[in-house]
Amino acid sequence: MFESSLKQLGNALAARQISSVELTQLYLDRIAKLNPQLNAYITLNPELSLAQAKAADERLAAGNATALTGIPIAQKDIFCAKGWLTTCGSKMLHNFVSPYDAHVISQFNNAGAINLGKTNMDEFAMGSSNETSHYGAVRNPWDTQRVPGGSSGGTAAAVAARLCAAATGTDTGGSIRQPAALCGISGLKPTYGVCSRYGMIAFASSLDQAGPMGRSAEDLALMMNVMAGFDERDSTSLPRETENYARDLGKPLAGLRIGLPKEFFAEGLGGDVAQAVEAAIAEYQKLGATVVEISLPNTRLSIPVYYVLAPAEASSNLSRFDGVRYGYRAPEYSDLADMYEKSRAQGFGAEVKRRIMIGTYVLSHGYYDAYYIQAQKIRRLIAQDFDEAFKQCDVIMGPTSPSTAFKLGEKGDDPVQMYLSDIYTIAVNLAGLPGMSIPCGFGANNMPVGLQIIGNYFDEARMLNVAHQYQLATDWHSRAPQGL
Amino acid sequence: MSLTTDDVTKVAQLARLAMSEQEIATAQSQLNAIFGLIAEMQAVDTTGIAPMSHAQDVVQRLREDVVTETNQRDAFQAIAPQVEQGLFLVPKVIE
């Protein structure tokens, strides 16, 4: 049952081979057994999950089920869910039981999916290893001495260890794709504006985007059908026709033009990762695709641009955490300013404080033009690189991350080293393009390697097609970690 | 460019983060390393390039000027650090 696709689970539920209550309980039992080793979940609430499962069974019996009715889905702890503790990985929100649902959560609720639990994450989604969580690091199911990636590391570990059928993530600079790569699963960051940000705790609002993480492209398509859609409560949500993201899964790939950015295969890329990615490209050529070398000349600049824009937006967004209306308040203080300063100093972790300070500095008087405006100008140059590239190809492919999963603590003391590992993912966020990662083999120490697929705006259905055809021809996506 | 101890202290104050001298010193060296990374950006000629605030060139939507939110004061105050008679309590600001 734990190896079943979402479609197979849906069929089993429809045929009454298993009830949603039984399925949810199976997952809860597996989580109880394995989560202590992995720390993939921050919060479980079996009572709420099973109540949803009971309602889903009634809906299935009444014959008005959707594709995901009764299926247990884990939610990244960045999504507010009514009645659920929603911490965003921070001490600041250690006691925040959300009074409302994020749009994405209500979409899953409307579809009759089961909220199986809230997954661990880097604090406020700031991190690439899941080590910044106040609730402890998540461990990679392929090797528990290694990180799962971040910031959606709990989700990636939960999917890889079969502790949920599928799950949600968010991606501001690679936070869906990089952990998907490091844990050997599939993940999709949609075009900016496709999934509503309402009720998704804000990090960098012009970059944040929710998306699905799961074991196959086919599963991601079914998840996208629930998650995507216009929402007037998100000011940058895009009004678009409803799409069936599974519509093109079966199309053959003959004639597909794949662009390979030479900057993605240059110095800094691990040899084991390069080998697995090149083998995947060769497989695509067997499937009828052609390959063209392209250039994204400003790739290197995406790191400095991102580490100006994201902290700037974060410093503004996180000013709401002041110990007044919700969240952590310091136990002792002398006056209002002292209460703010102590509540924030005690409630935020080191990485979050670091980024708030970078952001505060670059937005401060006298530096705004030199940093923030300059970064926004280069952001346009980066987006233009992709516009040019897509004149020559249909999708862009390359590695998701320069290396496979590293050991816990290995990069902990050096933020710059950690930031540099985002090199292949962040330009996609800056341009607002859709990007995904799918498993394409194993590198050093037998750790999974991810293949990144970047599409043009709103080309998610084609990307899912491209990923699905590869997954029909290979079996990397169905490999599961052993020995848990 | 290099941030001084005074610069970092000022930034911590602006960001409303209480920090010890030791924390300021650590932050100073880490921020300087990060700004070393960011400095690469300054050499780029961006004359005539318009800043890009986000990916889709969309304009702010307008809506009818009507009440859309219902009163949920009790639900919101149930999770507040300190409330009294429907009010959020903070330390006294006016003597």
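Residues numbered from 1 in each chain as written. Chains lettered and ligands numbered in written order. Predicted model: local features only at pLDDT ≥ 70, side-chain atom pairs only at ≥ 80, totals over all residues.

Undergrad: Quick one: what's the story with the nonpolar core, residue by residue and with numbers?
TA: Core analysis: the largest hydrophobic core is formed by 165 residues, its most contacted members being A:Ile73, A:Ala158, A:Cys164, A:Val305 and A:Ile453. Of the residues forming this core, the biggest block, nine residues, is contributed by helix H9 (residues 302–317) of chain A. (Core = buried A, V, L, I, M, F, W, Y, C linked by C-beta atoms within 7 Å. Buried ≥ 20, exposed ≤ 12 C-beta atoms within 10 Å, placed from the backbone. Helix = DSSP H or I, 4+ residues; strand = E, 2+ residues; numbered from the N terminus.)

Undergrad: Describe in detail the environment of A:Val362, supporting the description with residues and values.
TA: Residues and elements named next belong to chain A. Considering the arrangement of structural elements, one finds Val362 in helix H11 (residues 350–362). With 47 residues separating them along the chain, Val362 and Ser315 place their C-alpha atoms 9.9 Å apart. Discounting chain neighbours no more than four positions away, the residues touching Val362 are Val308, Ala312, Tyr367, Tyr371 and Tyr372. (Contact = placed C-beta atoms within 7 Å.)

Undergrad: Residue-level account of the environment of A:Pro399, with values.
TA: Residue and element names in this part refer to chain A. By secondary structure assignment, the location of Pro399 is in strand S9 (residues 395–399). Judged by C-beta crowding, with 26 C-beta atoms within 10 Å, Pro399 ranks as buried. Separated by 41 residues in the primary sequence, Pro399 and Cys440 have C-alpha atoms spaced 9.7 Å apart.

Undergrad: Give a description of the interface of chain B and chain A that names residues and reports values.
TA: Contacts between chain B and chain A engage 40 residues on the former and 53 residues on the latter. At the level of secondary structure, the elements contributing two or more residues to the side of chain B that touches chain A comprise helix H1 (5–14), helix H2 (21–38) and helix H3 (73–77) of chain B. The biggest single contributor to the side of chain B that touches chain A is H2(B), with seven residues. Its residues assigned to classes, the side of chain B that touches chain A comprises 30 nonpolar, seven polar and three charged. (Nonpolar A, V, L, I, M, F, W, Y, C, P; charged D, E, K, R; others polar.)

Undergrad: Outline the packing of H11(A) against H2(B), listing residues and values.
TA: Viewed as axis vectors pointing N to C, H11(A) and H2(B) meet at an angle of 60°, and their least axial separation amounts to 11 Å. One element, H11(A), and the other, H2(B), form an angle in the oblique class. Once H11(A) is placed against H2(B), the crossing between them reads as right-handed. Of the residues in H2(B), those touching H11(A) at A:Arg354, A:Met357 and A:Ile358 are B:Ala27, B:Gln30, B:Leu31 and B:Ile34. Partitioned by chemical class, the residues of the contact of H11(A) with H2(B) number five nonpolar, one polar and one charged. (Axes fitted to C-alpha atoms, helices over the stretch in contact; angles between N-to-C directions. Parallel < 35°, antiparallel > 145°, perpendicular 65-115°, else oblique. Left-handed = near helix turned anticlockwise from the far one by under 90°.)

Undergrad: Please provide a residue-by-residue account of the pairing of strand S5 (residues 186–189) of chain A, values included.
TA: All names here are of chain A. Side-chain alternation along S5 places Ser186 and Leu188 on one buried face and Gly187 and Lys189 on a second face that is also buried. When S5 meets strand S6 (residues 209–214), the two strands line up antiparallel, connected through two bridges. Of the residues in S6, the one forming a bridge with Ser186 is Gly214. Across three bridges, the pairing between S5 and strand S10 (residues 435–442) is antiparallel. Bridge pairing links Leu188 to Met436 in S10. (Pairing = 2+ DSSP bridges.)

Undergrad: Requested: an account of the sheet that holds strand S4 (residues 166–171) of chain A, with residues and values cited.
TA: Residues and elements named next belong to chain A. Ordered by their spatial adjacency, eleven strands build an open sheet running S1-S3-S2-S4-S6-S5-S10-S11-S9-S7-S8, and the pairing between neighbours is mixed. Because the sheet does not close on itself, it has two edges, and the strands there are strand S1 (41–43) and strand S8 (290–294). Averaged over neighbouring strand pairs, the angle between their axes works out to 35° when direction is ignored. Across two bridges, strand S7 (residues 257–261) lies against S9 in parallel orientation. Looking across to S9, one finds that Gly259 is bridged to Ile396.

Undergrad: For the packing of H9(A) against helix H12 (residues 368–389) of chain A, give the residues involved together with the corresponding values.
TA: All names here are of chain A. Packing of H9 against H12 leaves a shortest axis separation of 9 Å and a crossing angle of 130°. On the basis of their axis angle, the class for H9 and H12 is oblique. Crossing angle aside, the handedness with which H9 passes H12 is left-handed. Contact with H9, carried on its side by Ser302, Val305, Val308, Leu309 and Ala312, involves Tyr371, Tyr372, Ala375, Gln376, Ile378, Arg379 and Ile382 of H12 and no other residues of that element. Residue classes in the contact of H9 with H12 are distributed as nine nonpolar, two polar and one charged.

Undergrad: An account of helix H2 (residues 20–38) of chain A is requested, with residue identities and associated values reported.
TA: Residue and element names in this part refer to chain A. For H2, with 19 residues, the first-to-last C-alpha span of 25 Å sits near the 27 Å given by 1.5 Å per residue. Along H2, the sharpest change in direction is near 40° and occurs at Ala32; proline Pro36 comes one to four residues later. For H2, the full list of buried residues reads Ser20, Leu23, Thr24, Tyr27, Ile31, Asn35 and Leu38. Next to the buried residues of H2 lie helix H1 (6–14), S1, helix H3 (46–62), strand S2 (72–76), strand S3 (114–119) and helix H5 (153–160). (Expected span 1.5 Å × (residues − 1). Bend = angle between axes of the 7 residues up to and from the residue.)

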